[in-house]
Amino acid sequence: MSITLVLGGARSGKSRHAEALLAPHPTPWTYIATAEAWDDEMRARIAEHQARRDARWRTVAAQLDLPAALAGAGPALVDCLTLWLTNLMLGGHDVAAATTALESALAARLAPTVLVANEVGLGIVPDTKLGRAFRDAAGVLNQRIAARADHVHFIAAGLPLLLKGKLP
Ligand SMILES: Nc1nc2c(ncn2[C@@H]2O[C@H](COP(=O)(O)OP(=O)(O)OP(=O)(O)O)[C@@H](O)[C@H]2O)c(=O)[nH]1
């Protein structure tokens, strides 16, 4: 089933674009959230997203186990891969093995999947070793998922740029 990767910077409008991609598909749509509400700012960001989603959505939290969240779900939106990577790295997990497991889960999907990820490598070189390792790992992860995706869209200023496949 079709896989779409939606890339973009912070507040580029990528979540809104990704949500709209599921509109032609049957409900309920599954929103797979990788974020954790660790402070008030994050709680406010999450609340904004939740307010936007109506009863056609069901929300599943998956900080680490994306394959389990994807298995058996209908049309699904993963928001976002970059926070999932953060969770893996901070937890000391094997990122390459987790990515392989995600690729297998995507290949087994029977319904469309949209995945959101941040394009983090466009700014200055991070001044910490962890920051540089994260930036590089995010680039590798995006390339691996993009290679398997049917469609890849890059969002800037709320507007989509086609990198692969088709725009809706
Ligand atoms: N735990 C949890 N996280 C959620 C929920 N809804 C949204 N989120 C998270 O909210 C995050 C998106 O936050 P934003 O800060 O608005 O994203 P952004 O990158 O700045 O914005 P856009 O590019 O415009 O989408 C994603 O990582 C989601 O996982 C939810 O119901 N529960």
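Up top is the structure these notes are about.
Everything in this summary refers to the structure shown in the same document. The shown structure was predicted, so the numbers you read here are calculated from the model rather than taken from an experiment.

Criteria and cut-off values
Residues numbered from 1 in each chain as written. Predicted model: local features only at pLDDT ≥ 70, side-chain atom pairs only at ≥ 80, totals over all residues. Heavy atoms only, no water. Core = buried A, V, L, I, M, F, W, Y, C linked by side-chain atoms within 4.5 Å. Buried < 20%, exposed > 50% of the residue type's maximum accessible area, 1.4 Å probe, protein only. Helix = DSSP H or I, 4+ residues; strand = E, 2+ residues; numbered from the N terminus. Contact = heavy atoms within 4.5 Å. Pairing = 2+ DSSP bridges. Axes fitted to C-alpha atoms, helices over the stretch in contact; angles between N-to-C directions.

A look at the nonpolar core
Among the nonpolar cores identified, the biggest contains 29 residues, and Leu-5 and Leu-81 are the most heavily contacted of them. Broken down by element, the residue count for this core peaks at five residues, all from helix α6 (residues 129-148). Among residues more than four places away in sequence, those in contact with Leu-5 are Leu-81, Leu-115, Ala-117, Asn-142, Ile-145, Ala-146, Ala-149, His-151, Val-152 and His-153. The next biggest cluster of nonpolar side chains, apart from the first, holds 13 residues, and it includes Leu-21, Leu-22, Val-114 and Ile-155.

Some remarks on the sheet that holds strand β2 (residues 29-33)
As a general point, the strands of a sheet are linked pairwise by backbone hydrogen bonds and lie either parallel or antiparallel. The seven strands lie next to each other as β3-β2-β4-β5-β1-β6-β7, forming an open sheet whose pairing is mixed. Each having just a single partner strand, β3 (57-61) and β7 (159-164) make up the two edges of the open sheet. Taking the axes of each pair of neighbouring strands and ignoring which way they run, one obtains an average angle of 20° across the sheet.

Looking at the environment of Ala-149
Looking at where Ala-149 falls in the secondary structure, it is placed in the loop between α6 and β6 (151-156). Sequence separation between Ala-149 and Ile-3 is 146 residues; the distance between their C-alpha atoms is 4.9 Å. When residues no more than four places from it in sequence are discounted, the contact partners of Ala-149 are Ile-3, Leu-5 and Lys-164.

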